[in-house]
Amino acid sequence: MKNQYLMIATFGVLLVFGQASADEDKLSKDQMPKAVVSAFEKGYPNAKDVKFEKETFEGKMVYEVEYKENGKEYDILYSEDGTLVQKEEEIEVSSLPEPVTQAANKKYPQGKIEEAEKLMKPDGTVAGYEVEIEMDNKKVELELDTNGNILKTEEKTEDD
C-alpha cells in the first residue's frame, strides 16, 4: 500500500513538472529551424548572450530567441519558416503607460512591478505590455493591452 502512495505521488510530481516544462523547451542553436536562425542572424548581427526556446504562442508552436543588445534584453518570436511573429523589448517600469500601471496596481495592490516589456507586432506597432509583479515571495506575470486591460495572468515560481 505504501508503494502505491509513493507511485501516485511520484506520478503527480512528474505530471505537474511535465506541464510546467511543456510550455517552453530550451533548445541549442543546432536544434532551431535554419530559417529562424538565418532570419535572426540577418536582423540582429550584434546580439549577445543568445538563447533559444520552443514554446506555444496563441495556440501555435513558435521559436523564441532571447538576446541582449545595447544593454537591453529582447525576446523575438518566429514561426518555423523564419517569419517574425512578435518582438518583446525590456523597458523601464517608469516608462509604462499610466493605464497599464494603474491596472496592474489595482489587480495586485500589495505587489510591486519589478520588470516590464513592450510587446510589438511584426510591423513595429505596440501590441501591449508584459509586467512582472513581486509579492509575498511569489511572482505574477501580467500581459496587458495598451489600454490596461489584463489579457493573461501567470503565476511564476522562484525557478521560472
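Above: the structure in question.
Residues numbered from 1 in each chain as written. Predicted model: local features only at pLDDT ≥ 70, side-chain atom pairs only at ≥ 80, totals over all residues. Heavy atoms only, no water.

1. Looking at the overall build of the chain
We apply this condition: Numbered from the N terminus, helices here are DSSP runs of H or I no shorter than four residues, and strands are runs of E no shorter than two. Relative accessibility thresholds used throughout: buried, under 20% of the residue-type maximum; exposed, over 50%; partly exposed, between the two (1.4 Å probe, protein chains only). In what follows, residue pairs with any heavy atoms lying within 4.5 Å of each other are defined as contacts.
Secondary structure summary: the chain contains three helices and nine strands in total. Element order for the chain, N to C, with α for helix and β for strand: α-β-α-β-β-β-β-α-β-β-β-β. Within the span of the chain, comprising 160 residues, buried residues form 36% of the whole. Taking the intrachain contacts of the chain between residues at least 6 apart in sequence as the baseline, contacts between residues at least 24 apart amount to 35%.

2. Some remarks on the packing of aromatic side chains
Each aromatic ring pair is characterised by the separation of its centres together with the angle its planes make. Our working definition: Only centres within 6.5 Å qualify two rings of Phe, Tyr or Trp (six-membered ring in Trp) as a pair; their planes then separate them into stacked at under 30 degrees, edge-to-face at over 60, and tilted for everything else.
The full count for this structure, using the stated rule, is four aromatic pairs. Here the aromatic rings of Tyr-44 and Tyr-67 are separated by 5.3 Å at their centres, their planes lie at 40 degrees, and the arrangement is tilted. Here Tyr-44, found in the loop between α2 (34-43) and β2 (48-57), pairs with Tyr-67, found in strand β3 (residues 60-69); they are 23 residues apart in sequence, far enough to count as distant. Among the aromatic residues, those joined into a cluster by ring pairs are Phe-40, Tyr-44, Tyr-67 and Tyr-74.

3. Focus on the sheet that holds strand β5 (residues 84-91)
Going by this rule: Strand pairing follows a simple DSSP-based rule, namely that at least 2 bridges must link the two strands. Between the N-to-C directions of two axes lies an angle of 0 to 180 degrees, each axis being a line fitted to C-alpha atoms and, for a helix, fitted only over the stretch in contact.
Pairing is antiparallel across the open sheet formed by nine strands, whose spatial order is β1-β2-β3-β4-β5-β6-β7-β8-β9. In the strand order of this sheet, the two ends are held by β1 (24-27) and β9 (150-156), each with one partner. Looking at each pair of strands side by side, their axes are set apart by 20 degrees on average, direction ignored. Relative to β3, β2 runs antiparallel, the two being bridged by eight bridges. Bridged to Lys-51 within β3 is Glu-66. Its contacts with the sheet place α2 against β2, β3 and β4 (72-78), and it is angled at close to 30 degrees to β3.

4. Focus on helix α3 (residues 98-107)
Selection criterion: Comment: arc refers to directions from the helix axis out to C-beta atoms.
Burial in α3 covers these residues: Val-100, Thr-101, Ala-103 and Ala-104. Down the axis of α3, the smallest arc covering the buried residues is 165 degrees, so these residues share one side. At its buried positions, α3 is contacted by β6 (112-120), β7 (126-135), β8 (138-144) and β9.

5. Overview of the environment of Ser-94
Inspection of the secondary structure puts Ser-94 in the loop between β5 and α3. Residues Ser-94 and Ala-116 lie 22 residues apart in sequence; the distance between their C-alpha atoms is 9.1 Å.

6. A short note on a negative patch on the surface
Inclusion rule: Here, patches come from residues exposed beyond 30% relative accessible area and free of salt bridges, joined within 9 Å for like charges and within 5 Å for nonpolar side chains (Val, Leu, Ile, Met, Phe, Trp, Tyr). Per-residue and other accessible areas follow the Shrake-Rupley method at a 1.4 Å probe size, with only the shown protein chains counted as cover for residues. Salt bridges, as used here, are contacts in which a Lys or Arg side-chain nitrogen is within 4 Å of a carboxyl oxygen on Asp or Glu. Neither His nor the chain ends contribute to the count of charged residues, in which Lys and Arg are positive and Asp and Glu negative. To locate a charge, the coordinates of NZ of Lys, CZ of Arg, CG of Asp or CD of Glu are taken.
A surface patch of negative charge is lined by Asp-49, Glu-73, Glu-115 and Glu-134. Relative to the helices and strands, Glu-115 is located in strand β6. The partly exposed category is assigned to Glu-115, whose relative accessible area is 45%.

7. Focus on the pairing of β4
Most of β4 is tucked away: five of the seven residues are buried. As paired elements, β3 and β4 share seven bridges and run antiparallel to each other. Each bridged residue has a counterpart across the sheet, and for Lys-68 the counterpart in β4 is Glu-73. The loop that links β3 with its antiparallel partner β4 comprises two residues; one of these, Asn-70, has a positive phi angle of about 55 degrees. By the bridge criterion, five bridges tie β4 to β5 in an arrangement that is antiparallel. In the strand pairing of β5, Ile-76 is matched with Lys-87.

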